[in-house]
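Tertiary structure, described
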Amino acid sequence: MTIQEAQQEIIDDFAFFDDWMDKYEHIIELGKELPQIDEKYKTDENLIKGCQSRVWLHAENKDGKIYYSADSDAIIAKGIISLLLKVFSGHTPEEILAANTDFINEIGLQEHLSPTRSNGLVSMIKQIKNYALALSNN
Amino acid sequence: MDINQIRAQFPILNQEINKRPLVYFDNGATSQKPLRVIESISNYYLHYNSNVHRGVHTLSQKATDKYEQARQKVRQFINANHSEEIIFTRGTTESINLVAFSLSQNFLQQGEEVLISEMEHHSNIVPWQMACERTGAKLKAASFDEKGILNVEELKNLVSEKTKIVALTQVSNALGTINPIKEIIDYVRSKNGNNTLILIDGAQAVPHLSVDVQALDCDFYAFSGHKMYAPTGIGVLYGKKELMSQMTPYQGGGDMIKTVTIEKTEYNELPYRFEAGTPNISGAIALSEAIDFMLETGVNEIARHEHELLTYATEKIKTVSGVKIIGEAPNKAGVLSFVVDGTHPSDIGVLLDKMGVAVRTGHHCAEPVMDKFNIPGTVRASFAVYNTRQEVDIFIAALEKAVNLLR
Ligand SMILES: Cc1ncc(COP(=O)(O)O)c(C=O)c1O
């Protein structure tokens, strides 16, 4: 699946929800299902410190594709991380660098990616791209 | 006190957030402003905007009169002895920085000590750390117990002849604890007389309690307008005249000087020597209006009403499973801070907002407090005069729903 297709799939999924409760129930569910990050990657180096919640992000390059794993201490942030990883993980650095996060707006979660919210997610997206940039040179 | 009549003065409350009626429980961060305060600002700009202390013209005179009347109003409100003891600042943070900077110029010295507590807001920690760095003095802090009660005995034991400054909050913004500052001030005075200077952070006290700086006998008292129904960007530093007139100014500029040559400046008198540059004129005038609002409503009435809400909310929140209240001192003002087992405060905050309830989540600029409880932060509901029991009911129902969603 391309990044574009993964984004469209999420948009289609979210089209079913007509009230905020269902939507957030789903995000919380996604947060709970997010594959556990290997504890050894939950280091200070991988920590993105927000004022509200903390996010850990780890990336590795396998055969030219980048695989991310991440965690947060807040479940809604974790649900959104799960969406971001579904979209970005497993693609080439070039694809990742070319992609945007507009789908988050389309599913009505843009408030969580506001730079002023300080939950670590905006820095996380920057970090996703930084990894792609760094690993693309390897 | 007629709550409907009070609420009618706060038009902002009458709105929906996410299709639910707004319940504003983030008053500890900043309170809403009554219409008369908002109108006092527009009235100033519509009718007599002008710079103060400068012009001979009518408008400047009027603006200056109103600005100085505001100073008088603040003086009466906290019962200071002289109006020169009232310095207008941007807020508590600037007030404390002013004192910390000035005292580090020619008062605090290497080997001496500044004493604070572990429940201080960062605004009453960082300026002292900076002053200590500049001078080589040492910062000491008294702890508090698991209920959020200050260890007064420990604090007293930390007071020695080396202690040059004691800086304490009257009410903790993270815990709600009201500290026995009178008892502490009396102790410090009995031990060190006037050799130890005492600053009280009144940011969370002034909105909820009546304050008398002469009865307290503190040297400095700092507070912010925006937490007491006035606009942001205006605050107060009270300082005893004898002290303040010997202190080095914090900032240089216009209005704070008597004469300036390129070689040397002679500083102006109090309070102007600490008010460099054009001040927040409309802010001071609006602060005066907010004080009138509080006085006409009755500071004790406000305190009684908020205390009733706090007691009611504290009882009700105990029925929500997994809730742990952070800060259970017997004497509290206006703040209900809590965590819920198995949930993160920010998740609770996001879901409450979806239901129209505005609370604060996070460390409340008091990280040492969070470290002490070993938590990343709390959810904080904080009350003001316009809040109601019915809003507490909405909040509790929303909290129950949020907790169910998160579990
Ligand atoms: C106890 C306490 N001190 C100081 C401050 C800082 O006040 P301001 O940000 O208005 O300067 C606050 C505000 O949150 C506070 O609650």
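Notes on the structure in this doc start here. Bear in mind that the values here come from a model prediction, so they are computed numbers and not experimental data.

Definitions and cut-offs
Residues numbered from 1 in each chain as written. Chains lettered and ligands numbered in written order. Predicted model: local features only at pLDDT ≥ 70, side-chain atom pairs only at ≥ 80, totals over all residues. Heavy atoms only, no water. Near = heavy atom within 4 Å. Polar contact = N/O pair within 3.5 Å; in protein donor to acceptor, adjacent residues only side chain to side chain. Phe/Tyr/Trp six-rings, centres within 6.5 Å; stacked < 30°, edge-to-face > 60°. Helix = DSSP H or I, 4+ residues; strand = E, 2+ residues; numbered from the N terminus. Buried < 20%, exposed > 50% of the residue type's maximum accessible area, 1.4 Å probe, protein only. Lys NZ or Arg CZ within 6 Å of the ring centre and 35° of its normal. Salt bridge = Lys/Arg side-chain N within 4 Å of Asp/Glu carboxyl O. Contact = heavy atoms within 4.5 Å. Patch = residues over 30% accessible without salt bridge, like charges linked within 9 Å, V, L, I, M, F, W, Y side chains within 5 Å. Areas by Shrake-Rupley, 256 points an atom, 1.4 Å probe, with all protein chains shown as cover. Lys, Arg positive; Asp, Glu negative; His and termini not counted. Charge placed at Lys NZ, Arg CZ, Asp CG, Glu CD. Buried area = accessible area lost by both parts, 1.4 Å probe.

All names here are of chain B. Inspection of the region around the ligand gives Thr92, Thr93, His121, Ser123, Thr169, Asn173, Asp201, Ala203, Gln204, Ser224, His226 and Lys227 as its neighbouring residues. Here a nitrogen atom of the ligand and a side-chain polar atom of Asp201 are 2.5 Å apart. The side chain of Lys227 places a nitrogen or oxygen atom 2.7 Å from an oxygen atom of the ligand.

Each aromatic ring pair is specified by the distance between its two centres and by the angle formed by the two planes. Applying the stated criterion to the full structure yields 16 aromatic pairs over all chains. Both rings, one in B:Phe10 and one in B:Phe293, keep their centres 5.5 Å apart while their planes meet at 75°; by these two values the pair is edge-to-face. Of this pair, B:Phe10 sits in the loop between α1 (3–7) and β1 (16–17) while B:Phe293 sits in helix α10 (residues 281–297); the two residues are 283 residues apart in sequence, bridging distant segments of the chain. Of the two residues, B:Phe10 and B:Phe293, neither departs from the other in class, the shared state being buried. With 6.0 Å between their ring centres and 40° between their planes, B:Phe144 and B:Phe373 make a pair best called tilted. Taken together, the residues B:Phe144 in the loop between β6 (138–142) and α6 (152–158) and B:Phe373 in helix α13 (residues 367–373) connect sequence positions 229 residues apart. With respect to class, B:Phe144 is no different from B:Phe373; both count as buried. Aromatic rings pair up to connect B:Phe10, B:Tyr229, B:Phe293 and B:Tyr386 into one cluster. Over the face of the ring belonging to A:Tyr67 we find A:Lys62, whose NZ or CZ atom lies 5.0 Å from the ring centre.

Residue and element names in this part refer to chain B. Overall, the coordinates contain 30 salt bridges over all chains when judged by the stated rule. We note a salt bridge from Glu113 to Lys140, for which the minimum N-O separation is 3.7 Å. Taken together, the residues Glu113 in strand β5 (residues 113–117) and Lys140 in strand β6 connect sequence positions 27 residues apart. Residue classification places Glu113 among the buried residues on the basis of a relative accessible area of 7%. Residues participating in the shared-partner salt-bridge network are Arg189, Asp217, Asp219 and Lys240.

So, on to the environment of B:Ser160. Residue and element names in this part refer to chain B. On the secondary structure map, Ser160 appears in the loop between α6 and β7 (163–169). In this structure the C-alpha to C-alpha distance between Ser160 and Asn192, which are 32 residues apart in sequence, comes to 7.9 Å. Aside from chain neighbours lying at most four places away, what touches Ser160 is Glu113 and Asn192.

Residue and element names in this part refer to chain A. On the surface, a cluster of negative charge is contributed by Asp18, Asp19, Asp22, Glu25, Glu29 and Glu33. With respect to the helices and strands, the residue Asp19 is situated in the loop between α1 (3–14) and α2 (20–33). Given a relative accessible area of 37%, Asp19 falls into the partly exposed group.

For the rest of this paragraph, the subject is the interface of chain A and chain B. At the junction of the two partners, chain A supplies 18 residues and chain B supplies 16 residues. Across the chain A to chain B interface the summed buried area is about 1,500 Å²; carbon plus sulfur atoms make up 61%. The interface formed by chain A and chain B includes one salt bridge. The residue A:Glu111 makes a salt bridge to B:Lys354 at a minimum N-O spacing of 3.2 Å. Joining chain A to chain B, the criterion identifies five residue pairs in polar contact (both at pLDDT 80 or more). Of all the elements in the fold, those that place two or more residues in the side of chain A that touches chain B are α2 and α3 (75–88) of chain A. The dominant element in the side of chain A that touches chain B, judged by the number of residues it contributes, is α2(A), at six residues.

Scope: geometric values only; no functional claims are made or implied.
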